[in-house]
Every structure is written in structure tokens, then in C-alpha cells.
There are 2 protein chains.
Amino acid sequence: MRASDKAYQALLEDIVDGTLAPGTALAEVEQAERLGVSRTPLREALSQLRKDGLIQQTRGRGLTVTDVSLDDIVELYELRQPLEQQAAKLAANRGDIQVFAQLAEEFQNADRLIEGGDAGIKAYYNLNERLDKAIEEAISSAYLVSALKSLHLHLARIRRLSRRDPQRLKAAAIETLVIIEAIVDRNPELAASATQVHMQQSLRNALEAARSREVTQRVS
Amino acid sequence: MRASDKAYQALLEDIVDGTLAPGTALAEVEQAERLGVSRTPLREALSQLRKDGLIQQTRGRGLTVTDVSLDDIVELYELRQPLEQQAAKLAANRGDIQVFAQLAEEFQNADRLIEGGDAGIKAYYNLNERLDKAIEEAISSAYLVSALKSLHLHLARIRRLSRRDPQRLKAAAIETLVIIEAIVDRNPELAASATQVHMQQSLRNALEAARSREVTQRVS
DNA sequence: TCAGCCCCCAGTGTATACAAAACTAATAAC
DNA sequence: GTTATTAGTTTTGTATACACTGGGGGCTGA
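Summary of the structure given here. Just so you know, these numbers come straight off a predicted model, no measurement behind them.

In this section: the relation of the copies chain B and chain A. Least-squares fitting of chain B to chain A yields an RMSD of 0.0 Å, with the superposition described by an axial translation of 0.0 Å and a rotation of 180°. As the rotation angle and translation indicate, the two copies are arranged about a two-fold axis.

Encoded structure:
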């Protein structure tokens, strides 16, 4: 593995999981030393992350990890909504029915996973990832897939802010199941509508979680 | 201006306008010398272009300019369609009516521009760019704007392949005018529908142009 | 003649040294 | 007291040298 890729992956993880909090300044020498690479590959990683929109040049402080405000969440969903909708439509048109039928079955048992403690939650997230992957494969449009990947990067960051509310997760699982079943039924319109519903609920939840988190932070 | 930015811009232009044709291998030393920068900033530029999807790592030949096949055009429109639709919707919700009313007026006179030779065509393209800019400003969502920008990069490449058919340009101007008027009327649904129509026609035209071009190339 | 292997070299990947720019802070002038 | 200017220091940006890898071509042996 190239040093620049290694640096990129490491920084990406640190930013997504919050180790490098929003606003953190990233000095080149400091990060290079921390990650055990020289400045050259590190700079390449940084420039990638800038393209991803995860870091930005802030006047006076060099590169800093971008912030995630409530407005950002809304704005992100203004991109997410049309992208996922299109993805669902295309998957309904072209997806491998076998694959999605299998996923549907697993989502029917999502409740059990969600109630299964940390390991279960992890398994549930894993299931979601497999769904994303299946959709990406079904789409076949490299451009759309690439846009989705970039989107999911930012979503992962937001998700970390949301508290894990089992009630919400169960509801989300049901919403997702409707989408998958629409795909299995080769019903693009239904898949699109179900996606819109899911997006709406997901946004509402993300905002609530972020708001309550803001309050928590203010109090503590 | 930084050398890496300069290299990026130069390569970007060369790729979009076809100077660097699809499939061209980009050797680092060669390009660095051509552009008058050292390998370090050049590599940064290359890694950006790779993120943009304009160049790719092809096994055995290093980095090459990505190809634009008929399938690619279809796939690109599978991303373009939802993005532009969303953009139009948001612009209809939030856009500065003054700005779009002004643009509408100018688009009403598009015929004159299109018939006005190369200078007129250029002015018409310029007008389109101003529309794109106005929409981007109206949107305010950084994520969507960024996705649109990336999209327009690839579109510019395709547009180069299309022959400039005045008939098609006039039709496109009318389609666009409908979208703008919907924005002025604060009618998101109409803006979305008009955009879908425009996308459909635009895709059809792009495919036809690319197909006839393919034939031309085979014959010559 | 053809297959397989090895060597060489072109080209990429990384480290480091050097140049330039920008921020900080201190001092001086108004 | 405030502001502007400048020197110093830190940090970024660029060039270059070195290391490493992968591929092509040629040579040898069957």
C-alpha cells in the first residue's frame, strides 16, 4: 500500500469517527510524523480530503477539518434525496432480484439485530452497507456511484453525531425494507417514493439528534 | 498562483478540449516538462484529476485520460438528470427572482445569438454559464453545488463531441427558457418537469451527435 | 523455434532540502 | 492608545535526489 493511500485512509477514518474534531488544524509536519509518512504523500492525502470536502483551507489557520452544522445536515440531504432516489429507481430497473430478495429477508429480521446489543447493532450497520453495495452494483453508472460514495462519506460523519435510538433504527429498517421490496418487484416509482419517505424521516431524525446533542454540549 | 493549480487548470483544459485525447498516457516527467513545473505539483494535479474521474490508472500504461463512450454519456445523464432537477427545484424555491427574470429575457433573444456566427454562439454559451452560476448561487447547498460542478466538467467534455447544430441549440434555448420561467414563477414542480424534458432532449441529441461522430471517424 | 528466465531501464513513489509566503509580535510613530 | 511597519519564525510550496517496482527485451537452453 502506498504511503499516500495509507495517510488518506488514516486521516479519513480519524475525521469520520471524530478523532480529528471539526475545526482541528492539520499541520503538515505534525500529521506526517503522527502517521509515519513524509510530507509528500501526506500532502497528496490532504489534497484528496480537500476535494472530498472533509477539510478546508481556512484563512489564517491553514487546513482545518470542516464543520458539520445543522445547516450542513439539511444541505447534505438536499443532495442525498435526489441521489438515493435515482439510485433506488435504477436498482429497481436493473438490480439482481435474487440479491435484493435475500437482503429483504435479512431486513425482515432487523429487529432482532437491533435489540442484540452492540454486536447486533454492528451487524445491522453491516447489513446496511451490504445493501448500499448491492445498489451500487445494480446501478452500473460510474458517475452516480462515485457521487453516492462521496455522499456516504459525509453521511457517516453525521451518523456518528446521532445517538443510536433503537426505536428509530427499527423504523428505518422498515422504511428500508419497503424500498428493497419495491426493487424486488421491479417497481421504480414505488422505490423512489419509499426512498423519499425514508430520506424525510432520516433527515428529521438526524436534525433532532444533532439538536439534542448541541444542547447536551452546551449544558456540559 | 500555485504551480499545482496551474498544472491542474492546464491539464483540465487540455482534457476537456480534446488536446489530450481519451486514452492518452500521461507520463509525469513528460507532462511536468511540458507545463513547466516540477513533478511534485504535477502529481498533485494528477491526483485531483483522478478524483474528478478525468484520468484513470490503467494497468500497464500508468495514468491515461478516461474514455467517453456512448455508455458513458447515458451513465452521465443518469446522474445529471436528478441533480439538475433538484437544482431547478431549489432555485424555484429560493432563487432571486430579479436575476432569473433578467436571464429569461436574455434567453428570449437566444435565437439571435445562435444565428450570430461563432461570436454569437460563444455569447450563447456564456449566457448558459451565467444561468448555471445563478442556479448555483440560488441553491446555497455546498454539497449539491460541488456535485453539479463535477458534473459540468464531464458535460463540457461531451459537448465538445457534439456538433453545433443551430436547430438543436434553439430548441434547447426554448426548453431552458421554460425552466427559468418556472423558477421566476416560484413553481418547483414545473421547474423539475421542464428540466426533465430538457434532459431527455439533451441526452438524445448528445447520443445522436456522438453516434454520427463515431461513424464519421470510422469512415475517415 | 519457442518457452522461460533474468537483467536492465523507464517510470513511479517517497524523502528531504531549499525557497517563498504568511502569520506573530514587537517596536516605533502618530 | 492605536496603528503601521518590519523582523523573525513557522509553515507551506517546490524542486530534486534517491529507492523501488514492474515491464520489455534479449539471451539461453531445450
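Once that is clear, we can look at helix α7 (residues 117–139) of chain B. Residues and elements named next belong to chain B. The end-to-end C-alpha distance of α7, which contains 23 residues, comes to 33 Å, matching closely the 33 Å that a straight helix rising 1.5 Å per residue would cover. Inspection of α7 places G120, I121, Y124, L127, N128, L131, A134, I135, E136, A138 and I139 among the buried residues, and these make up the whole buried set. S140, located one to two residues past α7, shows a positive phi value of around 70°.

Take the protein's contact with DNA strand D next. With respect to spatial proximity, 14 residues lie near DNA strand D, and among them R39(A), R2(B), A3(B), S38(B) and T40(B) are the closest. Counting only the atoms of DNA strand D within 4 Å of the protein, the fraction contributed by sugar and phosphate is 55%. In the model, a phosphate oxygen of DNA strand D is placed 2.7 Å from a nitrogen or oxygen of the S38(B) side chain. T40(B) is positioned with one of its side-chain polar atoms (N or O) 2.7 Å from a base nitrogen of DNA strand D. Breaking the surface near DNA strand D down by element, the ones donating at least two residues are α3 (39–52) of chain A together with α1 (3–16) and α3 (39–52) of chain B. A total of three residues in the surface near DNA strand D trace back to one element, the largest contributor, which is α3(B). Counted by class, the surface near DNA strand D contains five nonpolar, three polar and six charged residues.

Residues and elements named next belong to chain A. Under the criterion given, the structure shown has four aromatic pairs over all chains. Ring geometry for Y124 and Y125: centres 6.2 Å apart, planes at 40°, overall tilted. Y124 sits in the buried class, given a relative accessible area of 2%. For Y125, a relative accessible area of 24% puts it in the partly exposed group. Taken together through their ring pairs, the aromatic side chains of F107, Y124 and Y125 make up a single cluster.

Next up on the list: the protein's contact with DNA strand C. Around DNA strand C lies a shell of 15 residues, among which R2(A), A3(A), S38(A), T40(A) and R39(B) are the nearest. Counting only the atoms of DNA strand C that lie within 4 Å of the protein, the sugar and phosphate share comes to 56%. Contacts to DNA strand C include R2(A), whose side-chain N or O atom sits 2.8 Å from a phosphate oxygen. The contact in question runs from a base nitrogen of DNA strand C to an N or O atom on the side chain of R39(B), over 2.8 Å. Contributions of two or more residues to the surface near DNA strand C are made by α1 (3–16) and α3 of chain A together with α3 of chain B. A per-element tally of the surface near DNA strand C places α3(A) first, with three residues. Of the residues in the surface near DNA strand C, the class split is five nonpolar, four polar and six charged.

Our focus in this paragraph is α1(B). End to end, α1(B) covers 20 Å across 14 residues, agreeing with the expected 20 Å (1.5 Å per residue, within 8%). Listed in full, the buried residues belonging to α1(B) are S4(B), A7(B), Y8(B), L11(B), L12(B), D14(B), I15(B) and V16(B). On its buried face, α1(B) sits against α3 of chain A together with α2 (28–35), α3, β1 (55–58), β2 (62–65) and α8 (142–161) of chain B. One or two positions beyond α1(B), positive phi appears at G18(B), with a value near 90°.

Turning to its location among the elements, Q86(A) is positioned in helix α4 (residues 70–94). Each residue touching Q86(A), except ones within four places of it in the same chain, is listed here: L144(A), E78(B), Q81(B) and P82(B).

What follows deals with the environment of E214(A). Residue and element names in this part refer to chain A. Looking at the secondary structure, you find E214 in helix α10 (residues 188–219). Given the relative accessible area of 35%, E214 is considered partly exposed. The spacing of E214 and L161 is 53 residues in sequence and 9.8 Å in space, taken between C-alpha atoms.

Moving on to the packing of α2(B) against α3(B). Residues and elements named next belong to chain B. At their nearest, the axes of α2 and α3 sit 9 Å apart, and the two run at 105° to each other. Judged on the interaxial angle alone, α3 and α2 are roughly perpendicular. Two secondary-structure elements touch here, α2 through E28, V29, Q31, A32 and L35 and α3 through R39, L42, R43 and L46. Here the residues of the contact of α2 with α3 sort into five nonpolar, one polar and three charged.

Rules behind the numbers
Residues numbered from 1 in each chain as written. Chains lettered and ligands numbered in written order. Predicted model: local features only at pLDDT ≥ 70, side-chain atom pairs only at ≥ 80, totals over all residues. Heavy atoms only, no water. Least-squares fit on C-alpha atoms with pLDDT ≥ 70 in both. Helix = DSSP H or I, 4+ residues; strand = E, 2+ residues; numbered from the N terminus. Expected span 1.5 Å × (residues − 1). Buried < 20%, exposed > 50% of the residue type's maximum accessible area, 1.4 Å probe, protein only. Near = heavy atom within 4 Å. Polar contact = N/O pair within 3.5 Å; in protein donor to acceptor, adjacent residues only side chain to side chain. Nonpolar A, V, L, I, M, F, W, Y, C, P; charged D, E, K, R; others polar. Phe/Tyr/Trp six-rings, centres within 6.5 Å; stacked < 30°, edge-to-face > 60°. Contact = heavy atoms within 4.5 Å. Axes fitted to C-alpha atoms, helices over the stretch in contact; angles between N-to-C directions. Parallel < 35°, antiparallel > 145°, perpendicular 65-115°, else oblique.

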